[in-house]
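The primary structure of each chain is shown beneath.
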Amino acid sequence: MGAQRYDVPEADAFTRAYWDAAEEGRLLIRQCGTCGRAHHYPREFCPHCWSEDVTWRPASGRATLYTWSVVHRNDLPPFGERTPYVAAVVDLAEGPRMMTEVVGCADAGRLRAGMDLEVAFRDGVPVFRPVR
């Protein structure tokens with residue numbers, strides 16, 4: 001049996017649609033039919049108004065960088081092989097904040113709060129890269 005991985009999601013019946021879409025290169029978010037606000041991470045109710053009238057909606061894949069940290073050491077597989085990497089929080093164009101990783105930026109010193117990002121997918125997991 002191989003080493004345990006800590007970067008692979010454990011989908012359940014509720015989040016299966018999210019992970020299946022990500023595997024296809026599509027980012028989904030949840031949107032409330034009562035108050036109209038989007039949210040992420042996926043929940044079965046709206047965290048803003050508590051309505052259960054929420055559905056999956058395609059996200060644009062656009063975001064801006066809110067904050068980040070360059071990780072130089074991580075002993076959990078396979079993160080150690082990826083160091084240094086950029087752990088980040090982004091503001092999705094639809095409103096919600098999302099924890100993610102910024103890829104495709106060889107010089108982390110060029111990262112700036114508010115910079116435009118676009119979604120990319122690595123092994124069925126959404127990550128973000130600077131807009132070219």
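It should be emphasised that the depicted structure is a prediction, and the values quoted were computed from it without experimental measurement.

A. Fine view of the sheet that holds strand β1 (residues 28–32). Taking strand neighbours across the sheet as the criterion, the three strands line up as β2-β1-β3 in an open arrangement whose pairing is antiparallel. The strands lining the two open edges of the sheet, one partner per strand, are β2 (38–39) and β3 (54–58). For β1 and β2, the ladder comprises two bridges, and the chain directions are antiparallel. The partner of Arg 30 across the bridge, within β2, is His 39.

B. Inspection of the side chain of Glu 101 at higher detail. Mapped onto the fold, Glu 101 is located in strand β6 (residues 97–102). Among the polar contacts listed, one links the side chain of Glu 101 to the side chain of Arg 122, at a separation of 2.6 Å.

C. Up close: the pairing of strand β7 (residues 116–122). Inspection of the sheet shows strand β4 (residues 62–71) paired to β7 by three bridges, in the antiparallel sense. Across the sheet, the residue bridging to Ala 63 is Leu 117, located in β7. Relative to strand β8 (residues 125–130), β7 is paired through six bridges, and the arrangement is antiparallel. Its bridge partner being in β8, Phe 121 is matched across the sheet by Pro 126. Linking β7 to β8, which pair antiparallel, is a turn of two residues; within it Asp 123 sits at a positive phi near 55°.

Each value, and the rule that gives it
Residues numbered from 1 in each chain as written. Predicted model: local features only at pLDDT ≥ 70, side-chain atom pairs only at ≥ 80, totals over all residues. Heavy atoms only, no water. Pairing = 2+ DSSP bridges. Helix = DSSP H or I, 4+ residues; strand = E, 2+ residues; numbered from the N terminus. Polar contact = N/O pair within 3.5 Å; in protein donor to acceptor, adjacent residues only side chain to side chain.

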